Amino acid sequence: MTPGPTIILKCSVCGKYIERHTIASGNTCGARFWSDGKREAPMLPDQPWLIKCPHCAALVWVDEQEQVGEECEYQLSDVENSLGCETPSLQDYLAFLAKGVFKRDKEQYLRMRAWWAGNDQRRLNPNAEPMTEEERTNLRALSVLFDEKNEQQRIMKAEALRELGQFAEAESLLGRPFHPELAEAVAIIRQLVVQKEIAVREMFRERPERQPVQSRRRRHRA
């Protein structure tokens, strides 16, 4: 992974400065891919669209913040009290969603991130608490937003329904035609449906000798 410049943003809520680290290049070596579409890649860190201001704790969209400079233009010490951005929690996402109506792409992003944040506690802990009713409500709302005409989103909808225990509906979606490159993901989720399993599961792990995911197969990330 090659780091990019550190972008300095001005929070639209409190006016203080936020440092956002960027990536010039990366790869998926050693990455883990989960059935809910989340990718955990140490050599290609997530670049979130919504971040949490480290000063006032407001959630702000990155592309709606004023960019006041980059590390190459400013010494970070010259930007008063600049701090690195934070990742919102499950409750942060749910509270933000409760505030009002969003455009479809933003609502889908928020609900997807809330789904992932809730599942994070369950990814490696089979004894973790199951989904709360708040999480289930969010996931039901997210499933409605998925476009079944889009094959990758159809897989995601099937996965959401599986985790909600709606196995017949999930199987119906997975029984429709898919591009051959998506066959492995479809087969894995379908097997979980047959087993009536509702927990998030790891699907793939990119071995170091493999090529980056973009050149291997299309993942089912929405």
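None of the values given here were measured: they were computed from a predicted structure. (Residues numbered from 1 in each chain as written. Predicted model: local features only at pLDDT ≥ 70, side-chain atom pairs only at ≥ 80, totals over all residues. Heavy atoms only, no water.)

## Considerations on the overall build of the protein chain
Secondary structure summary: the protein chain contains 6 helices and 9 strands in total. Here the protein chain, with 222 residues, has 45% of them falling under the buried criterion. The contacts of the protein chain with a sequence gap of at least 6 include a subset with a gap of at least 24, amounting to 64%. (Helix = DSSP H or I, 4+ residues; strand = E, 2+ residues; numbered from the N terminus. Buried < 20%, exposed > 50% of the residue type's maximum accessible area, 1.4 Å probe, protein only. Contact = heavy atoms within 4.5 Å.)

## Here's the deal with the sheet that holds strand E8 (residues 83-84)
Taken in spatial order, the 4 strands of this open sheet run E7-E1-E2-E8, and their pairing is mixed. Each having just a single partner strand, strand E7 (66-70) and E8 make up the two edges of the open sheet. (Pairing = 2+ DSSP bridges.)

## Brief notes about the sheet that holds strand E4 (residues 39-40)
Overall, antiparallel pairing links the 3 strands, which are arranged E4-E3-E9 in an open sheet. Edge positions in the open sheet fall to E4 and strand E9 (202-205), since each of these has one partner strand only. Pairing analysis gives 2 bridges linking strand E3 (residues 32-34) to E4, with the strands arranged antiparallel. In the sheet register, Arg32 faces E4, and the bridge partner there is Glu40.

## Here's the deal with the state of the cysteines
Overall, the coordinates contain 0 disulfides when judged by the stated rule. The thiol of Cys11 is not disulfide-bonded; the next cysteine sulfur, from Cys14, is found 3.8 Å away. A relative accessible area of 3% means that Cys11 is categorised as buried. Cys56 provides the cysteine sulfur closest to Cys14, a residue in no disulfide bond, and the two sulfurs are 3.7 Å apart. (Disulfide = S-S within 2.5 Å.)

## A closer look at the environment of Lys38
Mapped onto the secondary structure, Lys38 falls in the loop between E3 and E4. Along the sequence, Lys38 and Trp115 sit 77 residues apart, while their C-alpha atoms lie 9.7 Å from each other. Setting aside anything within four residues of it in sequence, one finds Lys38 in contact with Arg32, Phe33, Trp116, Asp120 and Arg123. Here Asp120 takes part through its side chain, which lies 2.9 Å from a polar atom of the side chain of Lys38. (Polar contact = N/O pair within 3.5 Å; in protein donor to acceptor, adjacent residues only side chain to side chain.)

## A closer look at the pattern of salt bridges
Enumeration over the complete set of coordinates arrives at 16 salt bridges. Arg162 serves as the salt-bridge partner of Glu159, at 2.7 Å between the closest nitrogen and oxygen. A residue pair is termed a helical-turn pair when its members lie 3 or 4 positions apart in one helix, as Glu159 and Arg162 do in helix H4 (residues 151-163) at 3 residues. You can call Glu159 buried: its relative accessible area is 0%. Glu202 serves as the salt-bridge partner of Arg205, at 3.0 Å between the closest nitrogen and oxygen. With relative accessibility at 46%, the residue Arg205 sits in the partly exposed group. (Salt bridge = Lys/Arg side-chain N within 4 Å of Asp/Glu carboxyl O.)

## Section: the confidence of the model for the protein chain
Mean pLDDT for the protein chain: 88, with 88% of residues reaching 70 or above. For the stretch residues 210-219, pLDDT sits under 50, and the model shows 26 contacts to residues farther than four places along the chain or on other chains. (pLDDT = per-residue confidence, 0-100.)

## Regarding the packing of helix H1 (residues 90-97) against helix H2 (residues 104-120)
Following both chains from N to C, one finds H1 and H2 inclined at 150°, their axes separated by 8 Å at the closest point. When the axis of H1 is compared with that of H2, the two are roughly antiparallel. The hand of the H1/H2 crossing is left-handed. Contact residues: Leu90, Tyr93, Leu94, Phe96 and Leu97 in H1; Glu107, Leu110, Arg111, Arg113, Ala114, Ala117 and Gly118 in H2. Here the residues of the contact of H1 with H2 sort into 8 nonpolar, 1 polar and 3 charged. (Axes fitted to C-alpha atoms, helices over the stretch in contact; angles between N-to-C directions. Parallel < 35°, antiparallel > 145°, perpendicular 65-115°, else oblique. Left-handed = near helix turned anticlockwise from the far one by under 90°. Nonpolar A, V, L, I, M, F, W, Y, C, P; charged D, E, K, R; others polar.)

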